[in-house]
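Breakdown of the fold
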Amino acid sequence: MKFVQENIWLVLIAVASGLGLLWPFVARRLSGIPQMSVTEAVQLINRRDPLVLDVREPGEYNTGHIAGAKHIPVAALKSRLSEVEKWKDKPVLVHCASGNRSQGAASTLKAAGFTEVFNLQGGMSAWQQAGMPVEK
């Protein structure tokens, strides 16, 4: 206890660092957007023919993307929602490079009334690491 009292700033920094590391995990859980593994995403694609939405930048998209993916960069999503409007009541699988930008894009879709929105956990990095095919 004496250590804590004498080194309160170190203890507070350690606690803040721990919370900072946990925050992305907690934020994803609180967002209400389901995270899908690559295996689950493949099953969704094979069984339900979702809209696969790639929200990466054009240069990233051109290096390789999931077959049949619709490309709308995350920064343009709000202004281009009309392009995906017909998918409001159908499954939508959103992905980016790592799963972070797509989390925000998925939240945008949910707020716009899309009912079945999923985020590809790990994004294209996880997709490619799993040996899944990409299209150029």
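A brief look at the structure comes next. (Residues numbered from 1 in each chain as written. Predicted model: local features only at pLDDT ≥ 70, side-chain atom pairs only at ≥ 80, totals over all residues. Heavy atoms only, no water.)

Considerations on the nonpolar core
Counting residues in hydrophobic clusters, the biggest one holds 17 residues, and the most contacted among them are Leu53, Leu77, Val84, Val92, Val94, Leu109 and Phe114. Looking at this core, the elements with two or more residues in it are strand E2 (51-54), strand E4 (91-95) and helix H5 (100-111). For this core, the element with the highest residue contribution is H5, accounting for three residues. Setting aside residues up to four positions removed in sequence, Leu109 forms contacts with Leu53, Leu77, Leu81, Val84, Val92, Val94, Phe114 and Val117. (Core = buried A, V, L, I, M, F, W, Y, C linked by side-chain atoms within 4.5 Å. Buried < 20%, exposed > 50% of the residue type's maximum accessible area, 1.4 Å probe, protein only. Helix = DSSP H or I, 4+ residues; strand = E, 2+ residues; numbered from the N terminus. Contact = heavy atoms within 4.5 Å.)

Examining helix H3 (residues 38-48)
Of all the positions in H3, only Val38, Ala41 and Leu44 are classed as buried. Projected down its long axis, H3 carries its buried residues within an arc of 120 degrees, all on one side. In this structure, H3 carries Thr39, Asn46 and Arg47 as exposed residues pointing more than 90 degrees from its buried face. Of the surrounding secondary structure, the elements contacted by the buried residues of H3 are strand E1 (35-36), E4, strand E5 (116-120) and helix H6 (123-129). (Arc of directions from axis to C-beta.)

Overview of unusual backbone geometry
For Asp49, which is not glycine, the phi torsion reads 50 degrees and is therefore positive. Considering the arrangement of structural elements, one finds Asp49 in the loop between H3 and E2. Taking the relative accessible area as the measure of exposure, Asp49 reaches 56% and is therefore exposed.

A few points about the pairing of E2
Each regular strand displays side chains that alternate between the two surfaces of the sheet. Taking every second residue as pointing to the same face, both faces of E2 are buried, with Leu51 and Leu53 on one and Val52 and Asp54 on the other. Alignment of E2 against E4, held across four bridges, turns out to be parallel. Its bridge partner being in E4, Asp54 is matched across the sheet by His95. Here E2 pairs with strand E3 (residues 70-71) via two bridges, running parallel. (Pairing = 2+ DSSP bridges.)

Regarding H5
For an α-helix, 3.6 residues make a turn, and residues three or four places apart therefore share a direction. A rise of 1.5 Å per residue sets the reference length of H5, with its 12 residues, at 16 Å; its end C-alpha atoms lie 17 Å apart and thus fit the reference within 8%. Among the residues trailing H5, Gly113 stands out with phi positive, at a value near 100 degrees. (Expected span 1.5 Å × (residues − 1).)

As far as function goes, none of this settles anything; it's purely spatial.
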